[in-house]
Amino acid sequence: GKGSAIDKRQSYSEILGSTMKQGGIEIGDNTQAGQSLVEVGTTFEKIGMLEREYLSDVYTKFFKPFSNHLQVEWGTIATEKRRLDLARLDLDAAKSKVRGARTPRNYATKRAEGEGMSGCI
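All values reported here derive from a predicted model rather than from experimental measurement. (Residues numbered from 1 in each chain as written. Predicted model: local features only at pLDDT ≥ 70, side-chain atom pairs only at ≥ 80, totals over all residues. Heavy atoms only, no water.)

Description of the overall build of the protein chain
Reasoning step 1: Each helix and strand counted, the protein chain has 3 helices and 0 strands in total.
Reasoning step 2: Partitioning the contacts of the protein chain with sequence separation of at least 6, the portion at a separation of at least 24 is 57%.
Reasoning step 3: In the form shown here, the protein chain has an accessible surface area of approximately 10,000 Å², with 61% of it arising from carbon and sulfur atoms. (Helix = DSSP H or I, 4+ residues; strand = E, 2+ residues; numbered from the N terminus. Contact = heavy atoms within 4.5 Å. Areas by Shrake-Rupley, 256 points an atom, 1.4 Å probe, with all protein chains shown as cover.)

Below, the structure written as structure tokens:
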């Protein structure tokens, strides 16, 4: 799966640590500088392993369950959105019918009033 690639890759801290250790050994781990490089390199390797473990945990304990939850819920969300859109269309149609029912009555009333007024002038 996607999480397996995280487990196999070396982190930058691990690469830096192993490079520092190699440099310390090349300089000579019996010298102060060599010992320091080896010690710091070992620490960076440990930090890198912890980074990898952290990323793996975040993926398996948060992102993967969250993604599964979204995939399950997305269908429900889409269905409810469709129902809401249909309800909106029904409401708009009902409003149009109400407006349509009022308009001819108002139109006829105003027209009758208008004819009566024109006779007075």
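Considering the packing of aromatic side chains
Reasoning step 1: Inspection of the entire model under this criterion finds 2 aromatic pairs.
Reasoning step 2: An angle of 70° between the planes, with centres 5.1 Å apart, marks the rings of F62 and F63 as edge-to-face.
Reasoning step 3: Classification of F63 by relative accessible area gives partly exposed; the value is 46%.
Reasoning step 4: Between F62 and F66, the aromatic rings sit 5.6 Å apart at their centres with planes inclined by 5°, giving stacked as the arrangement. Taken together, the residues F62 and F66, both in helix 3 (residues 32-120) and 4 residues apart, mark about one turn of the helix.
Reasoning step 5: Taking the relative accessible area as the measure of exposure, F62 reaches 46% and is therefore partly exposed. (Phe/Tyr/Trp six-rings, centres within 6.5 Å; stacked < 30°, edge-to-face > 60°. Buried < 20%, exposed > 50% of the residue type's maximum accessible area, 1.4 Å probe, protein only.)

As for the side chain of E14
Reasoning step 1: By secondary structure assignment, the location of E14 is in helix 2 (residues 12-27).
Reasoning step 2: At a separation of 2.4 Å, a polar atom in the side chain of E14 contacts the side chain of R52.
Reasoning step 3: Residues in contact with E14, not counting those within four places in the same chain, are R9, F44, E45, G48, M49 and R52. (Polar contact = N/O pair within 3.5 Å; in protein donor to acceptor, adjacent residues only side chain to side chain.)

Side note on the confidence of the model for the protein chain
Reasoning step 1: Overall, the prediction assigns the protein chain a mean pLDDT of 84, with 77% of residues at 70 or greater.
Reasoning step 2: Element-level mean pLDDT values for the protein chain span from 60 in helix 1 (residues 2-8) up to 94 in helix 2.
Reasoning step 3: Segment residues 117-121 is flagged for pLDDT under 50; beyond a separation of four residues in sequence, or across chains, it makes 0 contacts in the model. (pLDDT = per-residue confidence, 0-100.)

Some words on the side chain of S11
Reasoning step 1: Tracing the backbone through its elements, the reader meets S11 in the loop between helix 1 and helix 2.
Reasoning step 2: A polar contact of 3.5 Å, which involves the side chain of S11, links it to the backbone oxygen of G48.
Reasoning step 3: Among residues more than four places away in sequence, those in contact with S11 are G48 and E51.

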